[in-house]
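As a plain string of letters, each chain reads:
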Amino acid sequence: SISITSLSRCISTLILAEHESGTIKPQTVSTVVAANSLGESSSISLLLAGSGSSLQEAASQAASCHPSVSEVLVADSDKFEYSLAEPWAKLVDFVRQQGDYSHILASSSSFGKNILPRVAALLDVSPITDVVKILGSDQFIRPIYAGNALCTVRYTGAGPCMLTIRSTSFPVTPITANSESKKATVSQIDLSNFEDDSVSKSRYVGRSTQDTERPDLGSARVVITGGRALKSVENFKMIEKLAEKLGGAVGATRAAVDAGYVPNDLQVGQTGKIVAPELYMAFGVSGAIQHLAGIKDSKVIVAVNKDADAPIFQVADYGLVGDLFEVIPELLEKLPEKK
Ligand SMILES: Cc1cc2nc3c(=O)[nH]c(=O)nc-3n(C[C@H](O)[C@H](O)[C@H](O)COP(=O)(O)OP(=O)(O)OC[C@H]3O[C@@H](n4cnc5c(N)ncnc54)[C@H](O)[C@@H]3O)c2cc1C
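The shown structure was predicted, so the numbers you read here are calculated from the model rather than taken from an experiment. (Residues numbered from 1 in each chain as written. Predicted model: local features only at pLDDT ≥ 70, side-chain atom pairs only at ≥ 80, totals over all residues. Heavy atoms only, no water.)

Digging into the environment of A58
To keep things clear, this is the line we draw: Only DSSP runs of H or I reaching four residues or more are called helices, and only runs of E reaching two or more are called strands; each is numbered from the N terminus. Note on classification: 1.4 Å probe, protein chains only; a residue is buried when its accessible area is under 20% of the maximum for its type, exposed when over 50%, partly exposed between these limits. Residue contacts follow a heavy-atom distance rule, with two residues in contact if any of their heavy atoms lie within 4.5 Å.
Note that A58 resides in helix α2 (residues 53-62). By relative accessible area, A58 is classed as buried at 0%. In the structure, A58 is positioned 37 residues away from S21 in sequence and 7.7 Å away in space, judged by C-alpha atoms. Among all residues touching A58, those that are not within four sequence positions of it are H19, G22, T23, I24 and L48.

Okay, here's the thing in structure tokens:
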């Protein structure tokens, strides 16, 4: 008799790729980095959908975005122009039927959070979200209780294992000149048999982007955050000026967003963006657990608060008990103008 103690399936990963203006987004490359931890002999395919020349530009860039990517699959159709979840989910199901994928991954961005659960529901699979560490092909670590505890999850389902990846936990290391020359194959998906019979409950209305030269909050190396203590839109401009001088992004607490000082895409925390910059500066931020959940992986945290007992000081590397209305103008005066 033969006893089979371990039967591990060959690891083959499909990654739902995000692109914009002909460029692959950094969080997709982080998801590729994460996929490399799933196990040896892992083949990685990127799935790009959209329409027109910017899609094709992104596809050719995706082919060399990371040496471990073996294949780029391109779905070119008007149906995918606005990344709506319903047609995207159908597309993933369509592609999955043609390739035997053991894992389907997306980043924990609004794109991934929108699409992957819908795919999971379609395939009757339980997705594992916000993965911060991969221990093997079926074991993952994810934060729970607003990041106050880490939970190890084992996937035991029969269908493909579906994960969303917290990109700040999988930084992209610079690619060497040698590996850069390795290019994946790019294939156009034949959509002639693709039937999208999904009843779309969402429709594209429009898009508004912030007209700013500041770096993207989710991947900035410096983040300057203001809290409720800023008290007004006008005062919040001090935070913006400081961010400009330091070449950083602007962040805000939920209290500051709710008070209308800044738009909600600047919110940092459990229900906002997760950031992991080299330098995080918090002005007039109390340090509620929901806020800390979004900043814990920052390398250096600096806090300015007039209350010496504010919880932010428990996580700060440098703390200054002081009035931000005195500290920020002094900082602005002493810091040189950004060249
Ligand atoms: C389900 C849920 C999800 C949430 N998600 C988020 C989230 O994603 N992000 C988030 O930020 N919050 C989130 N919150 C809200 C969170 O609990 C806090 O209410 C919020 O973070 C507080 O914001 P704040 O620190 O700006 O305000 P406050 O808690 O009011 O703190 C203001 C601080 O400013 C200090 N201060 C006042 N004046 C000055 C001054 N002149 N100079 C210096 N310091 C001064 C005060 O001492 C105080 O510590 C969430 C809450 C819930 C229930």
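That covers the picture; the talk isn't over yet.
Notes on the pattern of salt bridges
Heads up, the condition is: Whenever a carboxyl oxygen of Asp or Glu lies within 4 Å of a side-chain nitrogen of Lys or Arg, that contact is scored as a salt bridge.
This structure, assessed with the given rule, holds ten salt bridges. As a salt-bridge pair, D130 and R166 come within 3.0 Å of each other at their nearest N and O atoms. Of this pair, D130 sits in strand β7 (residues 128-131) while R166 sits in the loop between β11 (161-165) and α5 (177-180), placing them 36 residues apart in sequence. Taking relative accessible area as the criterion, D130 reaches 18% and is therefore assigned buried. One salt-bridge network, held together by shared partners, links E20, K25 and R207.

A few points about the sheet that holds strand β10 (residues 149-154)
We apply this condition: Strands were regarded as paired on the criterion that DSSP finds at least two bridges between them.
With antiparallel pairing, the three strands of this open sheet are ordered in space as β8-β9-β10. Looking along the sheet, the strands with just one partner apiece sit at the ends: β8 (133-134) and β10. The pairing of β8 with strand β9 (residues 139-144) spans two bridges and is antiparallel. Bridge pairing in β9 places I134 opposite F140.

Focus on the packing of helix α3 (residues 85-96) against helix α4 (residues 110-123)
Packed helices, taken two at a time, are described by the angle their axes make and the gap between the axes. Put simply, the rule reads: Helix axes are fitted to C-alpha atoms over the stretch in contact, other axes to C-alpha atoms as well, and angles between N-to-C directions run from 0 to 180 degrees. These descriptions rest on fixed angle ranges, namely under 35 degrees for roughly parallel, over 145 for roughly antiparallel, 65 to 115 for roughly perpendicular, and the rest for oblique. Take the far helix as the reference: if the near one is turned anticlockwise from it by less than a right angle, the crossing is left-handed, and if turned clockwise, right-handed. Residue type decides the class: Asp, Glu, Lys and Arg count as charged, Ala, Val, Leu, Ile, Met, Phe, Trp, Tyr, Cys and Pro as nonpolar, and the leftover types, Gly among them, as polar.
Where α3 contacts α4, the two axes come as close as 9 Å, and the packing angle between them is 55°. The orientation of α3 relative to α4 falls into the category oblique. When you trace α3 past α4, the crossing you get is right-handed. Every residue of α4 that contacts α3 at A85, E86, W88, A89, K90, V92, D93 and R96 is listed here: F111, N114, I115, R118, V119, L122 and L123. Broken down by class, the residue content of the contact of α3 with α4 amounts to nine nonpolar, one polar and five charged.

Examining unusual backbone geometry
Although it is not a glycine, S83 adopts a positive phi angle of roughly 55°. For S83, the position within the fold is in the loop between β5 (69-76) and α3. Using a relative accessible area of 28% as the deciding quantity, one classes S83 as partly exposed. Positive phi is not limited to glycine here, since K231 has a value of about 75°. Note on placement: K231 falls in the loop between β13 (222-226) and α6 (233-246).

Section: the environment of G269
Following the sequence through the fold, G269 ends up in the loop between α7 (254-258) and β15 (279-283). Its relative accessible area of 0% is what places G269 among the buried residues. Taking C-alpha positions, G269 is 9.5 Å from K296, a pair spaced 27 residues apart along the chain. Apart from the residues within four sequence positions on either side, G269 is in contact with I274, Q290, H291 and G294.

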